[in-house]
Amino acid sequence: MCRSEGARNLSLSGHVGFDSMPDQLVNKSVCQGFCFNILCVGETGLGKSTLMDTLFNTRFEGDPAAHNQPGVHIKSNNYELQESNVRLKLSIVNSVGFGDQINKEESYKSIVEFIDAQFEAYLQEELKIKRTLHNYHDSRIHVCLYFIAPTGHSLKSLDLVTMKKLDSKVNIIPIIAKADSISKNELQKFKIKIMSELVSNGVQIYQFPTDDETVAEINGTMNAHLPFAVVGSTEEIKIGNKMMKARQYPWGTVQVENESHCDFVKLREMLIRVNMEDLREQTHTRHYELYRRCKLEEMGFKDTDPDNKPFSLQETYEAKRNEFLGELQKKEEEMRQMFVMRVKEKESELKEAEKELHDKFDRLKKLHQDEKKKLEDKKKSLDDEINAFKQRKTAAELLQSQAQQSGSQQTLKREKERKNNPWLCTE
């Protein structure tokens, strides 16, 4: 029993009623329901969807995934399940196309981005002034079931790289898919080989907790069985007098819920019946807290000042705000100076252009004046020519008039002489 330091231990003289707190918490939790989010990672064809159907004794409806995309596509489906009076909001996230590419170097990126996106969504909700976390749909991934191909040799480099990238972000439980395709001896050697490679490469997988006395023994035993070798099937076959989930082959029948055939029962026991709440708690207290801390540190928030003294959030905010305002003023001053410089450059360009326009205008004006003067001189010359022509014309007309008058006088004179001298008419 935990006791606060400095608190006095008193005895009650009668029943008070706060021993009903666990019942109150249970009733509240049952009323609100629970959520559990599973990420299935593995190559195409390892039976991820079939195993999910087998785990929850149902057939999850959904459109079949298309494998014609160039990269890994994350597909999330949400379901609501009810068992007795307990409701469970279940999200099954599948990595469609994982391992299908020729170049598998970046196959893990879309998975990591999806996990971080769920953390970021929860962080943004948590940082709101008015939070609604009590009815917020928590989409953070609580467990990653990593499906390993039953090669019997060793882990693929794709598996090691992906699990190494995911181990700090999600609880990883490695499982050997389609374990009925290799013999028991090969399977045991394969398990030992997998765990050895995970340890040598520094991959941290989820270990079932042993600090709780009620589950310490079973969890400690099950940690030694990792990775679980599983077989999934939704087909029921009559064995003896019972209908059992099994896979039937020409050489025999593999019973899914028979622990001597595979570890399916162990996986279901550990994942759902014993450690589901611990997986949820580990996701929040370990993986999400790590993401939150790194994100806030990137934003400049910290708990202590340079002298390792407590640093309140308000002081951090004020310091960050002042720093931001200082940078903003600095950028504003730089932009202002740049604007002034550009205005001066533009003014200089405009002055140059104005000067060029004035020079061009002066040249055109002078050219116009010269042309005008030439035209005026030409007009004057033409006017002089016209006046001279008019004078010559007037003189010619005068001479012609005088000549006509002279001819008329001579004619009258001859007529007069003819009248006076009749003898001139005989000729």
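In this report, we go over the structure that sits alongside the text.

What counts, and where the lines are drawn
Residues numbered from 1 in each chain as written. Predicted model: local features only at pLDDT ≥ 70, side-chain atom pairs only at ≥ 80, totals over all residues. Heavy atoms only, no water. Salt bridge = Lys/Arg side-chain N within 4 Å of Asp/Glu carboxyl O. Helix = DSSP H or I, 4+ residues; strand = E, 2+ residues; numbered from the N terminus. Buried < 20%, exposed > 50% of the residue type's maximum accessible area, 1.4 Å probe, protein only. Patch = residues over 30% accessible without salt bridge, like charges linked within 9 Å, V, L, I, M, F, W, Y side chains within 5 Å. Areas by Shrake-Rupley, 256 points an atom, 1.4 Å probe, with all protein chains shown as cover. Lys, Arg positive; Asp, Glu negative; His and termini not counted. Charge placed at Lys NZ, Arg CZ, Asp CG, Glu CD. Contact = heavy atoms within 4.5 Å. Pairing = 2+ DSSP bridges. Core = buried A, V, L, I, M, F, W, Y, C linked by side-chain atoms within 4.5 Å. Phe/Tyr/Trp six-rings, centres within 6.5 Å; stacked < 30°, edge-to-face > 60°. Lys NZ or Arg CZ within 6 Å of the ring centre and 35° of its normal. Axes fitted to C-alpha atoms, helices over the stretch in contact; angles between N-to-C directions. Parallel < 35°, antiparallel > 145°, perpendicular 65-115°, else oblique. Nonpolar A, V, L, I, M, F, W, Y, C, P; charged D, E, K, R; others polar.

1. Structural notes on the pattern of salt bridges
When charged atoms on two side chains of opposite charge get close, those side chains can pair.
Argument step 1. Within this structure, the stated rule accounts for 17 salt bridges.
Argument step 2. Among the salt bridges present, the one from Lys295 reaches Glu120, with a minimum N-O distance of 3.9 Å. Linking Lys295 in helix H8 (residues 276-298) with Glu120 in helix H3 (residues 109-126), this pair joins segments that are 175 residues apart in sequence.
Argument step 3. Classification of Lys295 by relative accessible area gives partly exposed; the value is 27%.
Argument step 4. Its salt-bridge partner being Lys128, residue Glu125 comes within 3.0 Å of it at the nearest N-O pair.

2. Re a negative patch on the surface
Argument step 1. Among the surface-exposed residues, Asp211, Asp212, Glu213 and Glu281 lie close enough to one another that they form a single negatively charged patch.
Argument step 2. If you trace the backbone, Glu281 turns up in helix H8.
Argument step 3. Residue classification places Glu281 among the partly exposed residues on the basis of a relative accessible area of 43%.

3. Some words on the side chain of Arg268
Argument step 1. Assignment of secondary structure puts Arg268 in helix H7 (residues 264-274).
Argument step 2. Overall, Arg268 belongs to the buried group, its relative accessible area being 9%.
Argument step 3. Not counting chain neighbours up to four residues away, the residues in contact with Arg268 comprise Leu55, Asn57, Glu257 and Arg273.

4. Some thoughts on the pairing of strand S1 (residues 34-41)
Argument step 1. Most of S1 sits inside the fold, with seven of its eight residues counted as buried.
Argument step 2. The sheet contact formed by S1 and strand S3 (residues 86-96) spans seven bridges and is parallel. Paired with Leu39 across the bridge in S3 is Val93.
Argument step 3. Of the pairings in the sheet, the one linking S1 to strand S4 (residues 143-148) comprises four bridges and is parallel in character.

5. Considerations on the nonpolar core
Argument step 1. By size, the foremost hydrophobic cluster in this structure holds 73 residues, and its most contacted members are Leu145, Ile173 and Phe228.
Argument step 2. The contacts of Leu145, once residues within four sequence positions are left out, are Ile38, Leu39, Cys40, Val41, Met52, Leu55, Ile173, Ile175, Leu267 and Leu271.

6. Focus on a nonpolar patch on the surface
Argument step 1. On the surface, Leu12, Val16, Phe18, Met21 and Leu25 cluster together into a nonpolar patch covering about 540 Å² of accessible area.
Argument step 2. Considering the arrangement of structural elements, one finds Val16 in the segment before helix H1 (21-32).
Argument step 3. We classify Val16 as exposed; its relative accessible area is 57%.

7. Description of the packing of aromatic side chains
Pairs of aromatic rings are described using the distance from one ring centre to the other and the angle between the two planes.
Argument step 1. All told, the structure shown has 10 aromatic pairs when counted by the stated rule.
Argument step 2. Ring centres of Tyr122 and Tyr288 lie 5.0 Å apart, and the angle between their planes is 85°; on these two criteria the pair is classed as edge-to-face. Of this pair, Tyr122 sits in helix H3 while Tyr288 sits in helix H8, and the two are 166 residues apart along the sequence. Exposure class is identical for Tyr122 and Tyr288. Each is buried.
Argument step 3. Grouped by ring-pair contacts, the aromatic residues Phe119, Tyr122, Tyr136, Tyr288 and Tyr291 constitute a single cluster.
Argument step 4. In this arrangement the basic side chain of Arg140 is found over the ring face of Tyr122, its NZ or CZ atom lying 3.7 Å from the centre.

8. Considerations on the packing of H3 against H8
Argument step 1. Closest axis-to-axis distance for the H3/H8 pair is 10 Å, and the angle between their directions is 80°. The orientation of H3 with respect to H8, classified from their angle, is roughly perpendicular. Contact residues: Asp116, Phe119, Glu120, Tyr122, Leu123 and Glu126 in H3; Thr283, His284, His287, Tyr288, Tyr291, Arg292 and Lys295 in H8.
Argument step 2. Taken together, the residues of the contact of H3 with H8 break down into five nonpolar, three polar and five charged.

In short, the description is geometric, and any link to function would need to be established separately.
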